[in-house]
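Structural overview for review
One letter stands for each residue in the lines below.
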Amino acid sequence: MTFVNAIILAAMPEELAPALQMLDSYQLTTRTLSTGEVTCAVKGRTSLVLAESGIGMVAAASTLTCLLNKYNPQVVVYIGSAGGLATQIKVRDVVIGTEYINAGADRTAFGYPLGQVPGYEISAFPADPILLETAHATAAAFAGEVNIQIGPMLSSDAFVTAENVEKIRAHFPDALSADMESQAAAQVAKKWDVPFFAVRGISDLCGPPADQAAEFSAQLSEVATSAATVALEVLRRASALDAARVTRGPAQQFSEDSLRAALYLTLAAKNDAEPAAHADLPAAIRQDVLTHIADLPAKYADWALGMIAAGQQLSAQNPRLSLAAKDYDAYRAKFVVNYPELKSGAVLWPPTSQTVIKRFNGYWNDALEAIGLRARRGRARGGLKFTNADYLKALRMYADSSRAQEYKPSFNGYTRWLKDSGNYGKLPSGAAIRQRFGSWKNALKAAALNPEEV
C-alpha cells in the first residue's frame with residue numbers, strides 16, 4: 001500500500017479541475033484503476049491522489065474504497081459544489097463540514113433519529129477535530145475574501161428542492177448544505193479510520209423555486225475554485241497541528257515547535273554560542289527535532305538540542321538580536337551537509353527560510369517574534385496587507401501597461417514595473433502575488449488573463 005498525504009475527491013471533472021490547476025508546480029501523472037482515472041501529484045516528498053468519484057452516494061463510497069485499497073492517506077477530503085440549505089447561506093459561500101449526515105437514512109419506525117445509519121450508534125459522522133481546528137483558522141485567514149461557514153452537511157441521493165426544503169430544515173435545523181456524496185465518503189473514512197473533511201462551494205440555494213440547473217451551471221466553476229482553494233489551505237495548515245501525523249509517512253512536514261527550534265539553532269550559530277544544557281527543553285520541541293534528525297549520526301542530536309537551548313536563552317536575554325533570512329539559510333546550509341547521501345530536492349530539517357516564512361503568515365518578522373525577538377519593522381503591518389481585489393487590480397494594471405508597450409508580462413517584468421510606475425509599496429510585490437496564488441501562471445489565470453496571450 002502506497003503512502004500519500006491526501007486523497008482528494010470530487011464528484012465531477014469540473015469540480016476537480018481547479019485543484020489540478022492549483023497543483024501545476026507538482027509532477028502530475030495519471031493511472032487507471034477499476035473505478036476510473038486518478039491523478040497522482042508529487043512534489044518533493046509530498047504526494048497527493050486526486051480522483052473524480054462520479055455523482056451520488058454509491059459512486060462516492062465505491063471510489064473511495066477502491067482508493068483506500070491502493071493508498072494509505074493521512075487524510076481524505078471531498079471538494080466541489082453543494083446546495084445551500086440554511087437560510088443564512090448564500091451562493092458563493094464555502095461550507096466546511098463539522099459532521100456528515102445521511103438525510104435518507106430512516107429508522108424512525110424503530111425509534112432511531114432520522115439520519116442514523118443502521119449498524120452505527122451515531123447519527124452523524126464527525127470531521128476530524130484537528131482538521132476542524134485548522135478549518136476555523138483558515139476561515140479567519142480568508143475573512144473578507146471568501147465567506148466560509150462551518151457546520152453540519154447533509155447528503156442523500158435525492159435533491160433538496162423548494163417542495164421539500166422546509167421539511168428537511170425542520171428535521172435538520174443546524175445543517176448548512178446538501179450534496180450527494182460527502183456523508184458516504186465520511187462513512188467509508190470512518191470505517192478505515194482515516195481523518196476526513198469536506199469543503200463545498202455553494203452553487204445554488206435549495207429553497208428558491210427558480211431554475212436551479214441554470215444557476216448551478218453558471219456558478220459551478222467559480223464555487224469549485226473557491227472550495228479547492230480553501231481545502232488546499234486547510235491541508236497545508238493541518239500538517240503542523242499534530243506531531244503524530246508528521247511521522248506517519250515519508251512526507252517531511254514541520255510543526256511550529258520544530259520551526260521555532262530551527263530558528264533558535266541558527267540564532268545560536270550566528271552568535272557563535274556554545275551548546276547549552278537542554279534537559280529543560282519542552283518535550284514537544286525535543287520530540288519533533290529528534291524525529292526530524294533521526295537520519296543523522298548520534299553526535300549531532302545532543303549538539304542540535306544544545307544549540308536550540310542556547311538560542312532560546314539568547315532570545316530571552318537579548319530580544320533585540322537580529323537574524324536575517326539570508327543568515328538563517330547560510331547557517332542551515334552548514335548543518336544539512338551532515339545528512340548522509342544528501343540529494344538535490346530533499347526536504348530536510350531545518351527547513352528553508354521560505355518554508356518558515358510561509359508558515360508564519362508570510363512574514364519573516366512574524367517568525368522572529370515567535371521566538372521572542374523584536375523584529376525591526378519599516379512600514380506598519382497594515383500597509384503591507386492587501387485584499388484579493390488589490391492583487392487582481394495590480395495584475396490587470398500591469399497587463400494593460402504591458403500591452404501598451406507591446407511586451408509579454410513576466411514575473412521579473414512586474415517587479416520592474418512596480419518601481420518604474422511608482423507603485424512599489426502601494427501594490428503587492430511579485431513575491432506576494434506568487435505566494436498568494438501558488439504560481440505566477442495561476443495569478444494570471446485568477447485575474448482572467450490568459451498566460452499564453454497576455
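Our structure's up above, just so we're on the same page.
A brief report on the enclosed structure follows. Just so it is clear, the model here is predicted, and its values are computed rather than measured.

Another point: the overall build of the protein. Helix and strand counts for the protein come out as 17 helices and ten strands. Within the protein, buried positions represent 51% of all 454 residues. A separation threshold of at least 6 residues defines the contact pool for the protein, and within that pool the share at least 24 residues apart is 75%. For the protein, the exposed surface amounts to about 21,300 Å²; the carbon and sulfur share of it is 51%.

What follows is about the nonpolar core. If you look at the biggest cluster of nonpolar residues, it comprises 70 residues, and the most contacted ones within it are Ile7, Ile8, Leu67, Tyr71, Ile79, Phe196 and Phe197. Leave out the neighbours within four places in its chain, and isoleucine 8 touches Leu16, Leu48, Val49, Leu50, Ala51, Val77, Ile79, Leu232 and Leu235.

Take the pairing of strand β8 (residues 148-155) next. Among the eight residues that make up β8, seven are buried, leaving the element largely enclosed by the rest of the structure. Strand direction decides the pairing type here: strand β6 (residues 94-102) and β8, joined by seven bridges, are parallel. Bridging across to β8, tyrosine 100 finds its partner in methionine 153. With three bridges joining them, β8 and strand β9 (residues 177-179) adopt parallel strand pairing. Paired with methionine 153 across the strands is serine 177, a residue of β9.

If you check helix α2 (residues 57-70), its first and last C-alpha atoms are 20 Å apart, about what 14 residues at 1.5 Å a residue would give, namely 20 Å. Among all positions in α2, only Met57, Ala59, Ala60, Thr63, Leu64, Cys66, Leu67 and Leu68 are buried.

All right, on to the pairing of strand β10 (residues 196-205) then. Within a regular strand, side chains alternate between the sheet's two faces. Most of β10 sits inside the fold, with nine of its ten residues counted as buried. Two elements, strand β5 (residues 71-84) and β10, share nine bridges in a ladder whose sense is parallel. Across the sheet, valine 76 pairs through a bridge with phenylalanine 196, a residue of β10.

Relative to the assigned elements, aspartate 204 resides in strand β10. Despite its burial, aspartate 204 pairs with no opposite charge; the closest candidate is arginine 200, at 9.7 Å N-O. A polar atom in the side chain of aspartate 204 sits 2.9 Å from the side chain of serine 203.

What counts as what
Residues numbered from 1 in each chain as written. Predicted model: local features only at pLDDT ≥ 70, side-chain atom pairs only at ≥ 80, totals over all residues. Heavy atoms only, no water. Helix = DSSP H or I, 4+ residues; strand = E, 2+ residues; numbered from the N terminus. Buried < 20%, exposed > 50% of the residue type's maximum accessible area, 1.4 Å probe, protein only. Contact = heavy atoms within 4.5 Å. Areas by Shrake-Rupley, 256 points an atom, 1.4 Å probe, with all protein chains shown as cover. Core = buried A, V, L, I, M, F, W, Y, C linked by side-chain atoms within 4.5 Å. Pairing = 2+ DSSP bridges. Expected span 1.5 Å × (residues − 1). Lys, Arg positive; Asp, Glu negative; His and termini not counted. Salt bridge = Lys/Arg side-chain N within 4 Å of Asp/Glu carboxyl O. Polar contact = N/O pair within 3.5 Å; in protein donor to acceptor, adjacent residues only side chain to side chain.

Take it as geometry only, folks, not as evidence of what the structure does.
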